[in-house]
Amino acid sequence: MATTTATITLASTDLLSDELNLTSSATLTAADTSTGITNTSGLSRKTVTGGHGQYTLFDGSDYTADKAHKLYLKNISTTAAEFFLITVNSEDIGRLYAGDWALIPWSAHDNDCDIKIDPSANDMTLEYMLFVD
Amino acid sequence: MATTTANCTINSDLLQPNLNASKTSILMKGGTSSDGLEFMDMGYIEVATGTNFDLLNADNALNKDKANKVYISNESTDETYYVIITIDATVIGRLYAGDWMFIPWGAEDANADIEIQAYTGTNKITYAYFHENRTLTSA
């Protein structure tokens, strides 16, 4: 069985009067089991060259519904004001600013649950990887 | 300014050669590279089945379309336990026992709450919300 682990560490010495140091590690498994996820899109990059238009990153109809898919995203821009607006089924999740990353659970709940990205400027590049249940 | 870092490390033998990816970002206010997010709400809750609850309420204009970040971890240990995360009633995904998520949250209007519903049994959830500010509700 393949083993994929994702670890997050959130740390700050000055956000609180005491130090914040939170670490959590997850083994990415298929829904309802302890069996590791066995498919991935691989680590990829997409540069949206056609202006500010919205782009479908993953089509909900291409994936089994109500599973434990995970999506990793990273905005590799170095211009602080540049962001990707991330949406699922046309609902805004949030803005991924330059240098930010995200790990999003995605259940591909129905055929309309596409993951779309909308860059705030031309020629922005997103790094992404989907772990498929 | 406060400096808060978020590091993600993903290791996997799904690919050959194996994947070892690591990324650290500093949690900044939207559109800046010199001013960090200075406010955090953090909590631990047990979510019973049967009801879709508001975990984080978007009814706060101070954080509308900002670079807020949300961390949610499902501390349950039974592999069949999970919560469904929705925003404004749109299903985003399932967070199974042992999983965590870290997402940007735009809180773009008063309905864009982050909602959570537990399945199979009572799920144990840790969460942290990093943001720019909030207004307290009058008593």
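One numbering rule holds for all chains: residues counted from 1, following each sequence as written. Going through the entries in the order they are written, you letter the chains from A and number the ligands from 1. Owing to the predicted nature of the model, reporting of local features is limited to residues with pLDDT of at least 70; listing and counting of side-chain atom pairs is limited to 80 or more, with chain, interface and lining totals taken over all residues. The side-chain quantities take in all heavy atoms of the structure and omit both hydrogens and water.

## Focus on the sheet that holds strand β6 (residues 82-87) of chain B
All names here are of chain B.
Phase 1 of the analysis: Two strands qualify as a pair provided DSSP detects at least 2 bridges between them. Starting at the N terminus, helices and strands are each numbered in turn, a helix being any DSSP run of H or I of at least four residues and a strand any DSSP run of E of at least two. Read from one edge of the open sheet, four strands run β4-β9-β6-β7, paired in antiparallel fashion. If you trace the sheet from one side to the other, it starts and ends with β4 (52-56) and β7 (90-96), each paired once. Strand-to-strand twist of the sheet, defined as the mean angle between neighbouring strand axes without regard to direction, takes the value 30 degrees.
Phase 2 of the analysis: The sheet contact formed by β6 and strand β9 (residues 114-119) spans six bridges and is antiparallel. The partner of Ile-85 across the bridge, within β9, is Ile-116. Axes, fitted as lines to C-alpha atoms, cover a helix only where it is in contact. Angles between the N-to-C directions of the axes lie from 0 to 180 degrees.

## Structural notes on the pattern of salt bridges
Phase 1 of the analysis: Salt bridge criterion: a side-chain nitrogen from Lys or Arg within 4 Å of a carboxyl oxygen from Asp or Glu. Throughout the structure, instances matching the rule amount to ten salt bridges over all chains.
Phase 2 of the analysis: A salt bridge links Asp66(A) to Arg94(B); the nearest nitrogen and oxygen atoms lie 4.0 Å apart. Linking Asp66(A) in the loop between β5 (55-58) and β6 (69-75) with Arg94(B) in strand β7, this pair reaches from one chain into another.
Phase 3 of the analysis: Only protein chains enter the accessibility calculation, which uses a 1.4 Å probe; a residue is then buried when its area is under 20% of its type maximum, exposed when over 50%, and partly exposed in between. Taking relative accessible area as the criterion, Asp66(A) reaches 26% and is therefore assigned partly exposed.
Phase 4 of the analysis: Residue Asp35(B) pairs with Lys29(B) through a salt bridge whose shortest N-O separation is 3.3 Å.
Phase 5 of the analysis: Here Asp35(B) falls in the partly exposed class, since its relative accessible area comes to 26%.
Phase 6 of the analysis: Taken together, the shared-partner salt bridges connect Arg45(A), Lys74(A) and Glu127(A) into one network.

## Side note on the packing of aromatic side chains
All names here are of chain A.
Phase 1 of the analysis: Aromatic contacts are taken between Phe, Tyr and Trp rings whose centres are within 6.5 Å, Trp giving its six-membered ring; a plane angle under 30 degrees counts as stacked, one over 60 as edge-to-face, and the others as tilted. Following the criterion strictly, the structure yields ten aromatic pairs over all chains and no others.
Phase 2 of the analysis: Ring geometry for Phe-58 and Trp-106: centres 6.3 Å apart, planes at 40 degrees, overall tilted. Here Trp-106 lies in strand β9 (residues 101-106) and Phe-58 lies in strand β5, a separation of 48 residues in the sequence. This pair shows no difference in class: Phe-58 is buried, exactly as Trp-106 is.

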